[in-house]
Amino acid sequence: MADETVRITVDGQAAEGRVGETILAVCRRMGKDIPTLCHHEALEPYAACRVCLVEVAAGGRSSLVPSCQYPITEGLTVLTDSDAVRQTRRLVLELLLARCPGSEVVRDLAAKYGVTETPYLIDDPNQTCIMCGLCVRVCEEVLRVAAIGFASRGVDRRVGAPFEEASEVCIGCGACVAVCPTGHVRSIDDGPLRRMQTWKTDIDLATCQTCGRRFGPVRQLDRIRAALPPHVPLETICPACRRSQIAAKLSEQATSGDAVVYATGRLRTGSRR
Amino acid sequence: MIAPGVKLLDSVARLEARRDELVSARAGRPCVIVSASTCGTANGAEELIRALQDGLKQLGLADRVDLRVTGCLGFCEQEPLLIFRPSNMFYPRPAPGQARRLLEESLLGGKVVEEMCYRDPRTGQSVWRIDRLPFYGRQQRLVLGANMEVDPCSIDDYLAIGGYGALAMVLAGATPERVIQQVEASGLRGRGGGGFPTGRKWRICRSKAGGKKYIICNADEGDPGAYMDRSILEGNPHSVLEGMLIGAYAIGADEGYVYVRAEYPLAVRNIHLAIDQATERGLLGDGIFGSKLNLRVHVSRGAGAFVCGEETALIASVEGRLGTPSPRPPYPAERGLWGKPTVINNVETWANVPLIIARGAEWFAGIGTENSKGTKVFSLVGKINNTGLVEVPMGTRLREIVFDIGGGMPEGRHFKAVQTGGPSGGVIPESLLDLPIDFDALTEVGAMMGSGGMIVMDDRTCIVDVARYFMNFLREESCGKCTPCREGIKNMLAVLTRICEGKGGVEDITRLERLARGVKAGSLCGLGTTAPNPVLSTLRYFKDEYMAHVVDKRCPAGVCTALISLSIDEGKCKACGRCLKVCPTAAITGGEKKVPAKILPDKCIHCRACFETCPFDAVTIT
């Protein structure tokens, strides 16, 4: 087979990467500062926000490509800070700033590249969604739940549960809240409910068998339970109680000198500590 | 399942026998042809067909004369056409009540009914033979020509003109490699917009290691005013299937999709019918002509998104996902439908393939220009006399298409520009009328071949308004995935609207240019990277008109309502009162009882209704 190493040039410096690696991965290893908004290590490249554009030259022609997605090829020449890159990135940031003038993340990123105001239309000063799609993608690609998606197209495109009604399949895990870069996706635990506010969906929280407090969403626990082998029971216990249970078990075993059994079921000997 | 009476065409010999049988059964039989695709039907073809059927029955000709209902013949301005064979006598848009008379006098009596003949609007001469019609005279209808010869619902009609003969040639003795070589040598480039060499695309796909591969026919024709693919699919669907069969053999695919707009119900019906008929006869399915070629073709209907014509969005849509584009590479030929190597070609491209195989790559390469071979179908619409589908060799001059074939502008208006390539294309001004039209020439002048839409504009078209129209279309059709396209188009539209409303400044033109360049450079897919073309090309050729809007606050074409004022030339006004009736705001006084009309500027909302109505050109716009 061919050599697995791919040699490229980034801003005049020689660099190496593996077959299939993206320009962004190589550049980040080199310590290059390339901004991203829709990129996440856990997800497939999406190439939508366009702030990570870099210039590549091949066969006498150069074009701007999304570094988060573009796979490196032997001999590729990459410019991360050319005039074309700077100009287009600036325009993209101005457009994003006009879309989400209230978003701190957008404002900070724009300011970092010298964009503090925008000449473009501000439709909705309260808009915080930059259409990066991270929430939709994490729900589908990682959680395999696909409770939310995109509705409409063009400027009307938005994220939400089907028909913008309460989701029947959302498990309330909150991954969408965690990945959202701008704080557009929100949730709050409210007594017996986890309110996924952005999706207009309320999920019941389970009650800890030990202390009686509300903790994880019932649907998420059900889903985990369904995924576990039958001989591994998942008890409805909150993290705090589980910690104290494990601590109690540990101290019991430590005094008896036996192997330490972690909650995960993995076995380690006490002596290795 | 084989229907009773259907002959399985499981070998080349059987195909040829069937063709001979059909040809001899039809030889010498008179034929009445009516074109009844979407345009013909809209103009009452069904009634005409019924009248012809009745007439043939009454005249006792029903068994001796064939009545063939065909797809679009391209002369949309005059559809449905009624044609008699063998005389080639034709009548444009005849009234159903005249059907019997025409059958008697022209079909039986061989006489031309002069008053119902077509009259050339430019010379006033009547033309009675379809093959002498100037509209067709300068065309080379390689792809569309067969529409006159086949009823799209009849596979027999296609077989009778040698249909599936190219497939037979391929399966009888050409290796897949040889087929690809021929398509490469022909110089065929994709007719859907990009103009990528078809043979090279096939080779890339073929070179991917074995396993499952797909072919797709892209019939998601979405450009405003463009309908050539619809007409091919409606009028000659088997030619597309034959092309796909040859392509499947060449690249090693065994499954295919036709992705067609649901807004094309007749095309959807006809391709379904064609697939059923071909499957019944063993031309689709397993072991075609006793060879190792297997192919199943499915129809996938698009749900009305323009962006699904972009190949990666199309694939997503076929897979049942949201129709949004993905970045390329990887290209579909490497990783396409369900992750498998996939060749996507558009309708017209597929329809060219059997011609290349049957008549040879050299023949095909002999037509056209150095880097654009063969013919191209254009849909000629807008301010033009002969609205219709025009097929000409690549390299034909724009002037020839617009004036010689298209018959020039109606009402003797002056030519201003032509928009090619739909919303992704650009305008071509009068100074470039002698441009030989091919892929590269169009790109060079800032326009684009696109799928072949050609919208003709006269001097009453405002170029800023045209750019605004296309941005409005794209604002609704952008998928909204990437920032520059979604936000940039919205802002270009806002600037253009401002200019049309008379609120624009010179700085808006700079802003527009900057936005256009950024959207072009930064967008994810072909929709976004070409979306600024209408803006950039109008700025390139018609900057004066933009400046008139922003500096002089004037719309030279008299279109932008905020920038015009209307007045009535008393000398021309005949006080007929028509303008009084159409004015929605009662802004006209006089205009009757021999008093010339007068427009009250305070009340006039510049709607132009009086201007459009006045038969004496007495209303002037400044």
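Residues numbered from 1 in each chain as written. Chains lettered and ligands numbered in written order. Predicted model: local features only at pLDDT ≥ 70, side-chain atom pairs only at ≥ 80, totals over all residues.

Enquirer: Just give me the short version of the overall build of chain A, but keep the residues and values in it.
Expert: When helices and strands are counted, chain A shows 7 helices and 13 strands. Relative to the 2.2 N^0.38 estimate, which gives 19 Å for 273 residues, the radius of gyration of chain A is 24 Å and therefore markedly larger than a compact globule would have. Considering only C-alpha atoms, chain A reaches an extent of 70 × 50 × 30 Å along its principal axes. When burial is assessed residue by residue, chain A has 35% of its 273 residues classed as buried. (Helix = DSSP H or I, 4+ residues; strand = E, 2+ residues; numbered from the N terminus. Rg over C-alpha atoms; globule rule 2.2 N^0.38 Å. Buried ≥ 20, exposed ≤ 12 C-beta atoms within 10 Å, placed from the backbone.)

Enquirer: Go over the overall build of chain B, please, and point to the residues and values.
Expert: When helices and strands are tallied, chain B shows 25 helices and 19 strands. For chain B, the C-alpha radius of gyration of 26 Å lies close to 25 Å, the compact-globule estimate for 622 residues. Dimensions of chain B, computed from C-alpha atoms along their principal axes, come out at roughly 80 × 65 × 40 Å. Taken across its 622 residues, chain B has 54% of its residues classed as buried. Considering only contacts within chain B whose residues lie at least 6 apart along the sequence, 70% involve residues at least 24 apart. (Contact = placed C-beta atoms within 7 Å.)

Enquirer: Lay out the interface of chain A and chain B with the relevant residues and their values.
Expert: Chain A puts 28 residues into the contact, and the matching count from chain B is 26 residues. Of all the secondary structure elements, the ones that give two or more residues to the side of chain A that touches chain B are β4 (61-66), α2 (83-99) and β6 (149-151) of chain A. Examining the composition of the side of chain A that touches chain B, we find that 9 residues originate from one element, α2(A), more than from any other.

Enquirer: Would you mind going over the pairing of strand β13 (residues 415-420) of chain B in detail, with residue names and values included?
Expert: All names here are of chain B. Most of β13 sits inside the fold, with 6 of its 6 residues counted as buried. Two elements, β13 and strand β15 (residues 453-458), share 5 bridges in a ladder whose sense is antiparallel. Each bridged residue has a counterpart across the sheet, and for V418 the counterpart in β15 is V456. In terms of strand pairing, β13 meets strand β14 (residues 426-429) through 4 bridges, oriented antiparallel. Opposite A417, over in β14, you have P429 as the bridge partner. Between the end of β13 and the start of β14, which pair antiparallel, lie 5 residues, with G421 showing a positive phi angle near 75°. (Pairing = 2+ DSSP bridges.)

Enquirer: Can you lay out the pairing of strand β10 (residues 342-346) of chain B for me, pointing to particular residues and giving the numbers?
Expert: As a general feature of sheets, a regular strand has side chains that alternate between the two faces. Buried residues dominate β10(B), accounting for 5 of its 5 residues. Along β10(B), one buried face is formed by T342(B), I344(B) and N346(B) and the opposite face, lined by V343(B) and N345(B), is buried too.

Enquirer: Requested: an account of the sheet that holds β10(B), with residues and values cited.
Expert: Residues and elements named next belong to chain B. Spatially, the 4 strands line up as an open sheet ordered β9-β8-β7-β10, and their pairing is parallel. With partners counted over all chains shown, the strands left at the sheet margins are β9 (296-302) and β10, one partner each. Strand-to-strand, the axes of this sheet are offset by a mean angle of 20°, without reference to chain direction. One ladder, built from 5 bridges, connects strand β7 (residues 214-219) with β10; its direction is parallel. Residue pairing in the sheet places Y214 in a bridge with T342 of β10. (Axes fitted to C-alpha atoms, helices over the stretch in contact; angles between N-to-C directions.)

Enquirer: Quick rundown of the packing of helix α3 (residues 45-58) of chain B against helix α4 (residues 99-108) of chain B? Include the residues and the values.
Expert: All names here are of chain B. For the pair α3 and α4, interaxial distance at closest approach is 8 Å and the crossing angle is 50°. What the angle tells us is that α3 and α4 run oblique. Note on packing geometry: the crossing formed by α3 with α4 is right-handed. Of α4, the residues touching α3 (which contributes L48, A51, L52, G55, L56 and Q58) are A99, R100 and L103. (Parallel < 35°, antiparallel > 145°, perpendicular 65-115°, else oblique. Left-handed = near helix turned anticlockwise from the far one by under 90°.)

Enquirer: Provide a residue-level description of the nonpolar core, including the pertinent values.
Expert: If you look at soluble globular proteins, the nonpolar side chains tend to sit buried side by side. Counting residues in hydrophobic clusters, the biggest one holds 260 residues, and the most contacted among them are C135(A), V34(B), I246(B), V418(B) and M492(B). For M492(B), the contacting residues outside a window of four places in its chain are M471(B), L512(B), L515(B), A516(B), P532(B) and V535(B). (Core = buried A, V, L, I, M, F, W, Y, C linked by C-beta atoms within 7 Å.)

Enquirer: Residue-level account of the domain arrangement of chain B, with values.
Expert: Residues and elements named next belong to chain B. In terms of domain boundaries, chain B breaks down into domain 1 (12-137), domain 2 (155-365), domain 3 (375-458), domain 4 (463-550) and domain 5 (565-621). Between the C-alpha centres of domain 2 and domain 3 the distance comes to 27 Å. Counting from both sides, the interface comprises 16 residues of domain 2 and, opposite them, 15 residues of domain 3. A total of 3 residues in the side of domain 2 that touches domain 3 trace back to one element, the largest contributor, which is helix α10 (residues 228-235). For the side of domain 2 that touches domain 3, a count of residues per class yields 4 nonpolar, 6 polar and 6 charged. (Domains from an automatic or database assignment. Nonpolar A, V, L, I, M, F, W, Y, C, P; charged D, E, K, R; others polar.)

Enquirer: How would you sum up unusual backbone geometry? Please name residues and give values.
Expert: Geometrically, the link from R328(B) to P329(B) is a cis peptide bond, its omega value of -5° lying close to zero. With respect to the helices, strands and loops of the structure, P329(B) is situated in the loop between α13 (311-318) and β10. Each neighbour pair has its own omega, and for P329(B) with P330(B) the value is 0°, a cis peptide bond. Along the chain, the position of P330(B) falls in the loop between α13 and β10. A positive phi angle, close to 50°, is found at D11(A), a residue other than glycine. Summarising the element assignment, D11(A) is placed in the loop between β1 (5-10) and β2 (13-18). Of note in this structure, R144(A) is not a glycine but carries a positive phi near 60°. By secondary structure assignment, the location of R144(A) is in the loop between α4 (134-142) and β6.

Enquirer: Describe in detail the environment of V595(B), supporting the description with residues and values.
Expert: Residues and elements named next belong to chain B. Mapped onto the elements, V595 comes out in the loop between β17 (588-589) and β18 (598-599). Given 12 C-beta atoms within 10 Å, V595 falls into the exposed group. Along the chain, V595 and K574 lie 21 residues apart, while their C-alpha atoms are 8.3 Å from each other. Excluding residues within four positions of it along the chain, V595 makes contact with A575 and G590.

Enquirer: Pulling in residues and values, what's your account of the confidence of the model for chain B?
Expert: Residue-level pLDDT values for chain B average 94, and 99% of them are 70 or greater. Of the two predicted TM-score estimates for the complex, the pTM is 0.90 and the ipTM is 0.89. (pLDDT = per-residue confidence, 0-100.)

Enquirer: Talk me through helix α1 (residues 12-26) of chain B; I want residue IDs and the actual numbers.
Expert: An ideal rise of 1.5 Å per residue puts 21 Å on 15 residues; α1(B) measures up with 21 Å between its terminal C-alpha atoms. Backbone geometry just downstream of α1(B) places G28(B) in the positive-phi region, at approximately 80°. (Expected span 1.5 Å × (residues − 1).)

Enquirer: An account of the sheet that holds β13(B) is needed here, citing residue identities and associated values.
Expert: All names here are of chain B. One open sheet holds the 5 strands; their spatial order is β12-β11-β15-β13-β14, and the pairing between them is mixed. Looking at the sheet topology across the chains shown, the edges are occupied by β12 (388-393) and β14. Recorded for the sheet is a direction-independent mean angle of 30° between the axes of neighbouring strands. As defined by bridge partners, strand β11 (residues 375-382) adjoins β15 across 4 bridges and the pair is classed as parallel. Bridging across to β15, L380 finds its partner in M454.

Enquirer: Can you break down the packing of helix α11 (residues 237-251) of chain B against helix α12 (residues 265-280) of chain B residue by residue, with the values?
Expert: Residues and elements named next belong to chain B. Running from N to C, α11 and α12 point in directions that differ by 60°, and their axes come no closer than 9 Å. One element, α11, and the other, α12, form an angle in the oblique class. As α11 packs across α12, the resulting crossing turns out to be right-handed. Mapping the contact onto sequence places P237, H238 and L241 in α11 and N270, I271, A274, I275 and A278 in α12.

Enquirer: Go over the environment of N218(B), please, and point to the residues and values.
Expert: Residues and elements named next belong to chain B. Assignment of secondary structure puts N218 in strand β7. C-beta crowding within 10 Å serves as the criterion here: with 28 such atoms nearby, N218 is assigned to the buried category. Once the C-alpha coordinates of N218 and G309 are considered, the two residues, 91 residues apart in sequence, prove to be 6.9 Å apart. When near neighbours in sequence (up to four residues on either side) are disregarded, N218 contacts G192, Y259, G309, E311, L314, I344, N345 and N346.

Enquirer: Describe helix α16 (residues 398-405) of chain B, and please don't skip the residues or the numbers.
Expert: Residues and elements named next belong to chain B. Looking at α16, one finds that the buried residues are L398, I401, V402 and I405. Down the axis of α16, the buried side of the element spans an arc of 125°, and every buried residue falls inside it. Looking at the buried side of α16, the elements it contacts are α5 (134-137), β11, β12, β13, β14 and β15. Phi turns positive, to about 75°, at G407, one or two residues after α16. (Arc of directions from axis to C-beta.)

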